[in-house]
Amino acid sequence: MSVASGRLSRAYSTSHNFAKVLRLPKRQLTKLVYPLQELELYLDPDARPDLHLRIFDPSLEDIARAENFFAATAKNRIEYLSSAVRVSHAPDSSRPEVCFIGRSNVGKSSLIKALFSLAPEVEVRISKTPGHTKKMNFFKVGKYFVLVDMPGYGYRAPEDFVDMVETYLKERRNLKRTFLLVDSVVGITEKDHIAIEMCEEFALPYVMVLTKIDKSSKGHLLKQILQIQKFVNTKTRGCFPQLFPVSALTYSGIHLLKCFIVNITGNLNGSNFR
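Overview of the structure.

Conventions and cut-offs
- Residues numbered from 1 in each chain as written.
- Predicted model: local features only at pLDDT ≥ 70, side-chain atom pairs only at ≥ 80, totals over all residues.
- Heavy atoms only, no water.
- Helix = DSSP H or I, 4+ residues; strand = E, 2+ residues; numbered from the N terminus.
- Buried < 20%, exposed > 50% of the residue type's maximum accessible area, 1.4 Å probe, protein only.
- Salt bridge = Lys/Arg side-chain N within 4 Å of Asp/Glu carboxyl O.
- Axes fitted to C-alpha atoms, helices over the stretch in contact; angles between N-to-C directions.
- Parallel < 35°, antiparallel > 145°, perpendicular 65-115°, else oblique.
- Contact = heavy atoms within 4.5 Å.
- Nonpolar A, V, L, I, M, F, W, Y, C, P; charged D, E, K, R; others polar.
- Core = buried A, V, L, I, M, F, W, Y, C linked by side-chain atoms within 4.5 Å.
- Disulfide = S-S within 2.5 Å.
- Arc of directions from axis to C-beta.

## Description of the overall build of the protein
Next, step 1: Check the secondary structure of the protein and you find 9 helices and 7 strands.
Next, step 2: Across the 274 residues that make up the protein, the buried fraction comes to 54%.

Right under this line is the structure:
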């Protein structure tokens, strides 16, 4: 961590929630903000070289700045834009876009709701029934980027899921990154391989986000992370090497994921927030 919490500039500590995070003891702060680095402490030294921990390693100042993009204010409106079942029905936008895709019941809606926790008026519907999302749902994050919630694949997926998603991934020119959600409890499933192959076939840059990390013991979680990391290292070309483990319940990893989104949409280093 390149910036100590005590030296964080006031200009970037506007989020009350993140200010509370910065007051946590160092070990707790690391677990919440940099969960992969916290898990490193439990790894066998021989396994550490295989795990990419710090390819994206922002300072606390960067993370605090990124929080502002996700905080709804009068000047920074965060809102649902529209839904679409075809790319031709998607809202026109020159803003960078990121999309979230995953199998039914992977926790996608819960994760997006956690990302928008500082914009409570944004309604992200969470259902106990898997396969609830049937359309592409577009959310505007200020004037900076658009986040797209894609339908889940697998159980109760829309009949035209493949056509809908394939067309979007191939034709959406402003798509900057696809976030592929994998359940950390069960690992990469057969259905996940379909989505991975789609991203690889279209040469799309994508990221694996490991959900529900609060549901496993540390031993089981580390085993899954190492298996998934090995898969990324040896079987993929377009996947970002670093994994992003998250919990929508404890918010572990959420701040880092927000920062990565702000970065890959071109908003972090350019100091675009106004």
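## Observations concerning the pattern of salt bridges
Next, step 1: This structure, assessed with the given rule, holds 10 salt bridges.
Next, step 2: A salt bridge links Glu-79 to Lys-140; its shortest N-O distance comes to 3.5 Å. Pair noted here: Glu-79 is in strand β1 (residues 78-84) and Lys-140 is in strand β3 (residues 136-141), with a separation of 61 residues, a long-range link.
Next, step 3: Salt bridges here are not isolated pairs; linked through shared partners, they connect Arg-77, Glu-79 and Lys-140.

## Here we look at the packing of helix α5 (residues 108-115) against helix α9 (residues 254-264)
Next, step 1: In the contact formed by α5 and α9, the axes pass within 10 Å of each other and the chain directions differ by 80°. For the element pair α5 / α9, the angle class is roughly perpendicular. The residues of α9 that touch α5, namely those facing Leu-111, Ala-114 and Leu-115, are Ile-254, Leu-257, Lys-258 and Ile-261.
Next, step 2: Broken down by class, the residue content of the contact of α5 with α9 amounts to 6 nonpolar, no polar and 1 charged.

## Things to note about the nonpolar core
The nonpolar side chains of a soluble globular protein tend to be buried with one another.
Next, step 1: Counting residues in hydrophobic clusters, the biggest one holds 47 residues, and the most contacted among them are Phe-100, Phe-116, Phe-179 and Leu-257.
Next, step 2: In terms of residue count, the dominant contributor to this core is α9 (8 residues).
Next, step 3: For Phe-100, the residues in contact, after removing those within four places along its chain, are Lys-108, Leu-111, Ile-112, Leu-115, Leu-147, Val-148, Asp-149, Met-150, Phe-179, Leu-181, Leu-257 and Ile-261.
Next, step 4: Judged by nonpolar contacts, the second largest core, of 42 residues, contains Leu-169, Leu-204, Tyr-206 and Phe-231.

## Quick word on the state of the cysteines
Next, step 1: Tallying each qualifying case throughout the model produces 0 disulfides.
Next, step 2: We note that Cys-99 lacks a disulfide partner, and the nearest cysteine sulfur, in Cys-199, lies 7.4 Å from it.
Next, step 3: Among the residues examined, Cys-99 registers a relative accessible area of 0% and is labelled buried.

## Notes on unusual backbone geometry
Keep in mind that most residues, glycine aside, have a negative phi and that most peptide bonds are trans.
Next, step 1: Its identity is not glycine, yet Ala-203 carries a phi of approximately 55°, on the positive side.
Next, step 2: With respect to the helices, strands and loops of the structure, Ala-203 is situated in the loop between α7 (190-201) and β6 (206-211).
Next, step 3: With relative accessibility at 65%, the residue Ala-203 sits in the exposed group.
Next, step 4: Backbone geometry at Lys-212 places phi at a positive 60°, although glycine is not the residue there.
Next, step 5: Looking at the secondary structure, you find Lys-212 in the loop between β6 and α8 (218-235).

## A word on helix α2 (residues 26-33)
Next, step 1: Of the positions making up α2, those classed as buried are Leu-29, Thr-30, Leu-32 and Val-33. Viewed along the axis of α2, the buried residues span an arc of 165°, placing them on a single side of the element.
Next, step 2: Along its buried surface, α2 packs onto α1 (16-22), α3 (35-40), α4 (60-69) and α9.

Functional significance is not addressed by these values, which are geometric in nature.
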